[in-house]
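# Summary of structural features
For reference, the chains in residue letters:
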Amino acid sequence: SMASPALLMRVVASAYSVAEKAATIVRNVMSAGDLGIVEKAGPNDLQTKADRLVQMSICASLARKFPKVTIIGEEELPADDVTEDLIENGHCEEILKKPCPAQYTGIKEEELVIWVDPLDGTKEYTEGLLDHVTVLIGIAYGGKAIAGVINQPYYNYEAGANAVLGRTIWGVLGMGAFGFQLTEAPAGKHIVITTRSHSSALVNECITALNPDAVIRVGGAGNKIIQLIEGKASAYVFASPGCKKWDTCAPEAILHAVGGKFITDIRGNPFQYNKEVKHMNSAGVLAALRNYDYYASRIPNTVKESLVP
């Protein structure tokens, strides 16, 4: 008889279906028209009804299947009873059929930490920049991001009424990443992607020092990594403390799975994702699919000294 799939593959297969359910919730909240926006720390730090419902759905669905896994979500939510219509029990069969990389076959539930950003790019969501929005489920083991699921609920939304809306990208270290076409940015071009709504003098000083051919300003960490793996940008640079572990865990795993370098902070230190770690990535972000060292070597010391891990 077939050995049952390794825990990691079962978690990823479930996270895939849970992310697709999340995308449906995101689209339903938007089409119903009442986003239920509340400010958290200020006008650039928003939470909507979609953030709240999606986090409840993801965390409750995964906790029910994998009760000993640590799950850390962005939103501070009361531990209300989650209604059954938010629970997703399904899993992606195709993922279960793939062999688990050998180094991860013995993982136990209590060794995994799942970092959840229910709606990455909330500000853009409220402004109708729907292609910026992603749902992020990152899976960490031994403090490292080893697997991730990124759902884009509005992928294809400008392609007309008959287009299939949304897609799910997933990856596991040692296996690769799936659900998109891996493409490199044009050779010899330095296209930097950075924040849209959290700019600062430091962010801009850092970008100027890289002497880029072009700068793309978009919302969402998940969205930025998709731009890297699809060849629209060559580096993701964010010289600011705004980003959190749930923003970077899933994207980091996807980028690493296809051979990119991610994520270090602006000083070159890798991120840690164990459950005790602080949530803020206070020393910024630097990531690239190729030529990471080109960008890392050009970060000014003034920028590095301003950002304390």
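What counts, and where the lines are drawn
- Residues numbered from 1 in each chain as written.
- Predicted model: local features only at pLDDT ≥ 70, side-chain atom pairs only at ≥ 80, totals over all residues.
- Heavy atoms only, no water.
- UniProt positions renumbered as here; feature names shortened; annotations may be inferred.
- Pairing = 2+ DSSP bridges.
- Helix = DSSP H or I, 4+ residues; strand = E, 2+ residues; numbered from the N terminus.
- Axes fitted to C-alpha atoms, helices over the stretch in contact; angles between N-to-C directions.
- Contact = heavy atoms within 4.5 Å.
- 1 Å grid on protein atoms, 1.4 Å probe; cavity = no way out; pocket = protein on both sides within 12 Å on 5 of 7 lines; lining within 4 Å.
- Polar contact = N/O pair within 3.5 Å; in protein donor to acceptor, adjacent residues only side chain to side chain.
- Phe/Tyr/Trp six-rings, centres within 6.5 Å; stacked < 30°, edge-to-face > 60°.
- Buried < 20%, exposed > 50% of the residue type's maximum accessible area, 1.4 Å probe, protein only.
- Lys NZ or Arg CZ within 6 Å of the ring centre and 35° of its normal.
- Salt bridge = Lys/Arg side-chain N within 4 Å of Asp/Glu carboxyl O.
- Expected span 1.5 Å × (residues − 1).
- Parallel < 35°, antiparallel > 145°, perpendicular 65-115°, else oblique.
- Left-handed = near helix turned anticlockwise from the far one by under 90°.

The name given to the chain in an unreviewed UniProt entry is 3'(2'),5'-bisphosphate nucleotidase 1, and the organism recorded there is Mohoua ochrocephala. The annotation that UniProt attaches to the chain under Sequence similarities (unreviewed entry) is "Belongs to the inositol monophosphatase superfamily." The Cofactor (unreviewed entry) comment attached to the chain in UniProt states, word for word, "Mg(2+)".

### Here's the deal with the sheet that holds strand S8 (residues 176-178)
Strands belonging to one sheet form pairs held by backbone hydrogen bonds; the direction of such a pair is parallel or antiparallel. Read across the open sheet, the 6 strands follow the order S3-S4-S5-S6-S7-S8; overall the sheet is mixed. The strands lining the two open edges of the sheet, one partner per strand, are strand S3 (70-73) and S8. Strand-to-strand, the axes of this sheet are offset by a mean angle of 15 degrees, without reference to chain direction. Relative to strand S7 (residues 167-172), strand S6 (residues 144-152) is paired through 6 bridges, and the arrangement is antiparallel. Bridge pairing in S7 links Gln152 to Arg167. Contacts between helix H6 (residues 221-229) and the sheet are confined to strand S4 (112-120), strand S5 (134-141), S6 and S7, with S5 contributing the most and set at about 85 degrees to the helix.

### Considerations on the UniProt feature "binding site: Mg(2+)" (unreviewed entry) in the chain
With numbering matched to this structure, UniProt assigns "binding site: Mg(2+)" (unreviewed entry) to Glu74, Asp117, Leu119, Asp120 and Asp247. In three dimensions, the annotated residues from a span of 174 residues occupy one location, with a maximal C-alpha spread of 9.7 Å. Put simply, the named residues that line the largest pocket are Glu74, Asp117, Leu119, Asp120 and Asp247. Checked against the element boundaries, Asp120 lands in strand S4. Setting aside its immediate chain neighbours within four residues, Asp120 contacts His132, Val133, Thr134, Leu136, Gly220, Ala221, Gly222, Asn223 and Asp247. Polar contacts involving the side chain of Asp120 include one to the main-chain amide nitrogen of Ala221, which spans 2.7 Å. Mapped onto the fold, Asp247 is located in helix H7 (residues 245-257). Non-local contacts of Asp247, meaning those with residues more than four positions away in its chain, are made with Asp117, Asp120, Leu136 and Ala221. A distance of 2.8 Å separates a polar atom in the side chain of Asp247 from the backbone nitrogen of Lys244.

### Structural notes on the packing of aromatic side chains
The tally for this structure, following the rule as stated, stands at 7 aromatic pairs. Centre to centre, the rings of Trp115 and Tyr273 are 6.4 Å apart; their planes meet at 70 degrees, and the pair counts as edge-to-face. Taken together, the residues span a long stretch of sequence, with Trp115 in strand S4 and Tyr273 in the loop between strand S12 (261-264) and strand S13 (285-288) at a distance of 158 residues. Trp115 gets classed as buried once you look at its relative accessible area, which sits at 0%. Following the ring pairs from residue to residue traces out a cluster consisting of Trp115, Trp246, Phe271 and Tyr273. A cation over an aromatic ring shows up here: Arg167 above the ring of Tyr155, its NZ or CZ 3.8 Å from the ring centre. One Lys or Arg, Lys245, reaches over the ring of Phe271 and ends 5.5 Å from the middle of that ring.

### What to know about the pattern of salt bridges
Following the criterion strictly, the structure yields 9 salt bridges and no others. Between Glu127 and Lys123 there is a salt bridge, with its nearest N and O atoms 2.6 Å apart. Residue Glu127 is classed as partly exposed on the basis of its relative accessible area of 39%. We note a salt bridge from Lys232 to Glu230, for which the minimum N-O separation is 3.8 Å. Judged by relative accessible area, Glu230 falls into the buried class, the value being 18%. Each member of the salt-bridge network shares a partner with another, and the members are Lys123, Glu124, Glu127 and Arg196.

### Description of helix H2 (residues 49-65)
An α-helical turn contains 3.6 residues, so any two residues separated by three or four positions project in the same direction. The end-to-end C-alpha separation of H2 is 25 Å, in line with the 24 Å expected for 17 residues at 1.5 Å each. Burial in H2 covers these residues: Ala50, Asp51, Val54, Gln55, Ser57, Ile58, Cys59, Ala60, Ser61 and Leu62. Where H2 is buried, its residues touch helix H1 (7-32), strand S2 (45-47), S3, S4, helix H4 (122-126) and S5.

### Quick look at the packing of H1 against H2
Close contact between H1 and H2 brings their axes to 9 Å; oriented N to C, the two are set at 160 degrees. Between H1 and H2, the angle falls in the class roughly antiparallel. Judged by the twist between their axes, the crossing of H1 over H2 is right-handed. Facing H1, whose interface residues are Ser14, Ala15, Val18, Lys21, Ala22, Ile25, Val26 and Val29, H2 presents Lys49, Ala50, Leu53, Val54, Ser57, Ile58, Ser61, Leu62 and Lys65.

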